[in-house]
2 protein chains.
Amino acid sequence: MLKEDKAASGQAGISPVERLNALVAPDMKAADKLIHKGMASSVDLIPDLARHLIDSGGKRLRPLLTLAAAKAGGYQGDGHVRLAAAVEFIHTATLLHDDVVDESALRRGKVSANLVWGNKPSVLVGDYLFSRAFQLMVETGNLAVLGILSGASAVIAEGEVMQLGSARSLAVTEDHYMKVVSAKTAALFAAAAEGGAVLAAQSTDFIASMRAYGENLGIAFQLVDDALDYSGRQALMGKSVGDDFREAKMTLPIILSVARADETARAFWQRVIETGNQTEADLHHAISLVEQTGSIQETMRRARAYADAAKNALAILPASEIRSALSDIADFCVERAY
Amino acid sequence: MLKEDKAASGQAGISPVERLNALVAPDMKAADKLIHKGMASSVDLIPDLARHLIDSGGKRLRPLLTLAAAKAGGYQGDGHVRLAAAVEFIHTATLLHDDVVDESALRRGKVSANLVWGNKPSVLVGDYLFSRAFQLMVETGNLAVLGILSGASAVIAEGEVMQLGSARSLAVTEDHYMKVVSAKTAALFAAAAEGGAVLAAQSTDFIASMRAYGENLGIAFQLVDDALDYSGRQALMGKSVGDDFREAKMTLPIILSVARADETARAFWQRVIETGNQTEADLHHAISLVEQTGSIQETMRRARAYADAAKNALAILPASEIRSALSDIADFCVERAY
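Residues numbered from 1 in each chain as written. Chains lettered and ligands numbered in written order. Predicted model: local features only at pLDDT ≥ 70, side-chain atom pairs only at ≥ 80, totals over all residues. Heavy atoms only, no water.

S.K.: Go over the overall build of chain A, please, and point to the residues and values.
M.R.: The helix and strand inventory of chain A stands at 17 helices and two strands. Taken over the C-alpha trace, chain A has a radius of gyration of 20 Å; the compact-globule value for 338 residues is 20 Å, and the two agree within 12%. Projected onto its principal axes, the C-alpha positions of chain A cover 60 × 45 × 35 Å. In chain A, buried positions account for 62% of the 338 residues. In chain A, the share of contacts with a sequence separation of at least 24, taken over all contacts with a separation of at least 6, comes to 77%. Distance between charge centres in chain A, computed from 34 positive and 41 negative side chains, equals 3 Å. (Helix = DSSP H or I, 4+ residues; strand = E, 2+ residues; numbered from the N terminus. Rg over C-alpha atoms; globule rule 2.2 N^0.38 Å. Buried < 20%, exposed > 50% of the residue type's maximum accessible area, 1.4 Å probe, protein only. Contact = heavy atoms within 4.5 Å. Lys, Arg positive; Asp, Glu negative; His and termini not counted. Charge placed at Lys NZ, Arg CZ, Asp CG, Glu CD.)

The following block contains the structure:
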């Protein structure tokens, strides 16, 4: 998951995400209505817990991709609004389960639901929202869309299990890391964008392009997120730094630093990652190692390449405000780090 | 969930469940193949953990209802096999999450997955199987079935949250208990049977009857399960007794005993349920109170009424070996307790 989801954005001026939001404003409003309707239940704890996360200032980036892809594809019905709400529910369900798995304390700058209510309701309310997502998709009447999103959900769970299996191991390769990122983050971005295009009954090329846009954007987002966790810039934005370090997560900045480590640095990484024996002073040393080895710059360079691939995938769209906003979002995703 | 799922059946002779299994043997074999194919993943931990539960001798009762309803309805395609596998995946996913929520140590007589692998993979593999269930249902090409099962999944999660909210409280009413049972157990029995009838494109009456059969059977099963947890008969069958007591679950035998308690007994229930302060000697005292107040007999009397309602719902089916086996399963569900 993206740490970006853990803190409401505090950017000055209007971001391209907000621009795209404005371009699909009535649809997003309708999706939001469905989201609030869908999380209702006579069992009070369910909306209480769901609202804690859903109303916590997330950017609704994934449903935005669904609405934008449908609109760019000339879709006229109301299925895209249901699909957008479903995408947000799947995202929220994975966040709830992710926080239980990560034993997180914060999510979007608030105390996480698992700490407020305990792990048990977080697991069950995640299941509830996941079920609701499928109910909303059934209402679109489109089986292809159900196939895409259920496939993405399976891939997300696979990615999370993969990540679990590779925690605290310096042996994690770049290839393994990229597989995890593709699965746990990019799969839902890809499915969200693809689903909108499928609803619009667009050409195979159009659908594949929207999928490629979502997938590359998702990867770029996660890479930037992982870089920011070791960046002073993040601290300036009032976000916490070092969460991945404390959880001993093998993200790209660490993988690159380990590959470039001398003997002393390697011993340091072994201690802090493999044994988990670490202090706040170690975080500062980790940041300096990550910087010295150029690992942040390299992570950002790769993020830029994925953002460019996302932009290139938009070539199939006729020029429009939506295309321009989607393209700028890819740039923004990288530039927010500078 | 049913404790029945926690222990493989050790009945002598051929039970009506086995008879029904034999009547749909080729379909069940095909469903089993899909179940094993569907839990495959390049991430080894997923099939390892899933197999622990799926190959642990569960009776496959829910998918059996799907196959039986489809066959009784004259269904000719292969969608019922996919739906049966999906139903078993949903059931398995809820068991995995349920064990995390209950902090269970045993499931079907084996150490539960959460104790072997930890809670984290149990949550994520549950999500994986749940996603796979929806992928299988997409393959049936039947949106109505997807609607029924996604609705049931939402209701199951609601029931589990309800149960969570009412643990350790003597104020839990019979009405609340029945709502929990309908949601957490009967909803999937009902959807499993209904789904098979829907695939067979049967009449509204036929579909409603199969749903009613599943729902009433599910309630009867849970009531018997809850009665057996305080029964010496259960101990004779080599199953553990008192699991609900130790978890301070407000099941019907306790609710009835509390309603019929004198002042001393009420103080006892307050201590062991509300404060959770209890010993093994307390379990014996609880069993004697439950027996003295006739609460087991009353729970079984109600289970019998639901089993009869399940049998009555079968009237719409023409006489057949399947109808006879379904009817006998309803009897068996109650009689296994004597």
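S.K.: Give me the relation of the copies chain B and chain A: which residues, what numbers.
M.R.: Turning chain B through 180° and shifting it by 0.0 Å along the axis lays it on chain A, with an RMSD of 0.0 Å. Each copy turns onto its partner about a two-fold axis. When the interface residues of chain B are mapped onto chain A, 100% of them again fall at the interface, so both copies present the same face. (Least-squares fit on C-alpha atoms with pLDDT ≥ 70 in both.)

S.K.: Tell me what's going on with the pattern of salt bridges, and back it up with residues and numbers.
M.R.: All names here are of chain A. The tally for this structure, following the rule as stated, stands at 39 salt bridges over all chains. With its nearest N and O atoms 3.3 Å apart, the salt bridge here joins Glu88 to Arg60. Of this pair, Glu88 sits in helix 5 (residues 79-102) while Arg60 sits in the loop between helix 3 (45-54) and helix 4 (61-72); the two residues are 28 residues apart in sequence, bridging distant segments of the chain. The exposure classification of Glu88 matches that of Arg60, with both residues buried. For Arg301, the salt bridge identified is with Glu298, shortest N-O distance 2.8 Å. Of this pair, Arg301 and Glu298 both sit in helix 16 (residues 295-313), three residues apart, which is roughly one turn of that helix. Salt bridges sharing partners connect three or more residues here, namely Arg304, Asp308, Lys311, Asp331 and Glu335. (Salt bridge = Lys/Arg side-chain N within 4 Å of Asp/Glu carboxyl O.)

S.K.: Just give me the short version of the interface of chain B and chain A, but keep the residues and values in it.
M.R.: Contact with chain B, which involves 36 residues of that partner, is made by 36 residues of chain A. When chain B packs against chain A, close to 3200 Å² is buried across both sides, 79% of that on carbon and sulfur atoms. Summed over the shared surface of chain B and chain A, the result is zero salt bridges. At the boundary of chain B with chain A, the tally comes to six residue pairs in polar contact (both at pLDDT 80 or more). Those elements that provide at least two residues to the side of chain B that touches chain A are helix 3 (45-54), helix 5 (79-102), helix 7 (119-140) and helix 8 (143-165) of chain B. Of the residues that constitute the side of chain B that touches chain A, the class distribution is 19 nonpolar, eleven polar and six charged. (Buried area = accessible area lost by both parts, 1.4 Å probe. Polar contact = N/O pair within 3.5 Å; in protein donor to acceptor, adjacent residues only side chain to side chain. Nonpolar A, V, L, I, M, F, W, Y, C, P; charged D, E, K, R; others polar.)

S.K.: Give me the lowdown on the packing of helix 3 of chain A against helix 5 of chain A, citing residues and values where you can.
M.R.: All names here are of chain A. At a minimum axis separation of 11 Å, helix 3 and helix 5 run at an interaxial angle of 100°. Overall, the two elements helix 3 and helix 5 adopt an arrangement that is roughly perpendicular. For the pair formed by helix 3 and helix 5, the contact residues are Leu49, Leu53 and Ile54 on the first element and Phe89, Thr92, Leu95 and Leu96 on the second. A per-class count over the contact of helix 3 with helix 5 returns six nonpolar, one polar and no charged. (Axes fitted to C-alpha atoms, helices over the stretch in contact; angles between N-to-C directions. Parallel < 35°, antiparallel > 145°, perpendicular 65-115°, else oblique.)

S.K.: How would you summarise the packing of helix 9 (residues 174-199) of chain A against helix 10 (residues 204-228) of chain A if you had to cite specific residues and measurements?
M.R.: Residue and element names in this part refer to chain A. Where helix 9 meets helix 10, the axes come as close as 7 Å, and the angle between the chain directions of the two elements is 140°. The angle between helix 9 and helix 10 places the two elements in the oblique class. Crossing hand, helix 9 versus helix 10: right-handed. (Left-handed = near helix turned anticlockwise from the far one by under 90°.)

S.K.: I'd love a proper account of a nonpolar patch on the surface, names of residues and values included.
M.R.: Residue and element names in this part refer to chain A. Taken together, the side chains of Val111, Leu115 and Val116 present a nonpolar region at the surface, about 260 Å² in accessible area. Looking at the element boundaries, Val111 is found in strand 2 (residues 110-111). Taking relative accessible area as the criterion, Val111 reaches 43% and is therefore assigned partly exposed. (Patch = residues over 30% accessible without salt bridge, like charges linked within 9 Å, V, L, I, M, F, W, Y side chains within 5 Å. Areas by Shrake-Rupley, 256 points an atom, 1.4 Å probe, with all protein chains shown as cover.)

S.K.: Lay out the packing of aromatic side chains in plain terms, naming residues and giving numbers.
M.R.: Tallied over the full model, the rule gives eight aromatic pairs over all chains. Here the aromatic rings of A:Phe134 and B:Phe134 are separated by 4.0 Å at their centres, their planes lie at 20°, and the arrangement is stacked. Highlighted residues: A:Phe134 in helix 7 (residues 119-140) and B:Phe134 in helix 7, drawn from two different chains. As far as the burial class goes, A:Phe134 and B:Phe134 line up, both buried. Consider the rings of A:Phe189 and A:Phe221, whose centres lie 5.9 Å apart with planes at 25°: the pair is stacked. (Phe/Tyr/Trp six-rings, centres within 6.5 Å; stacked < 30°, edge-to-face > 60°.)

S.K.: Tell me about unusual backbone geometry, and please be specific about residues and values.
M.R.: Residues and elements named next belong to chain A. Of note in this structure, Arg168 is not a glycine but carries a positive phi near 60°. Note on placement: Arg168 falls in the loop between helix 8 (143-165) and helix 9. Residue class for Arg168 comes out partly exposed when judged on its relative accessible area of 38%.

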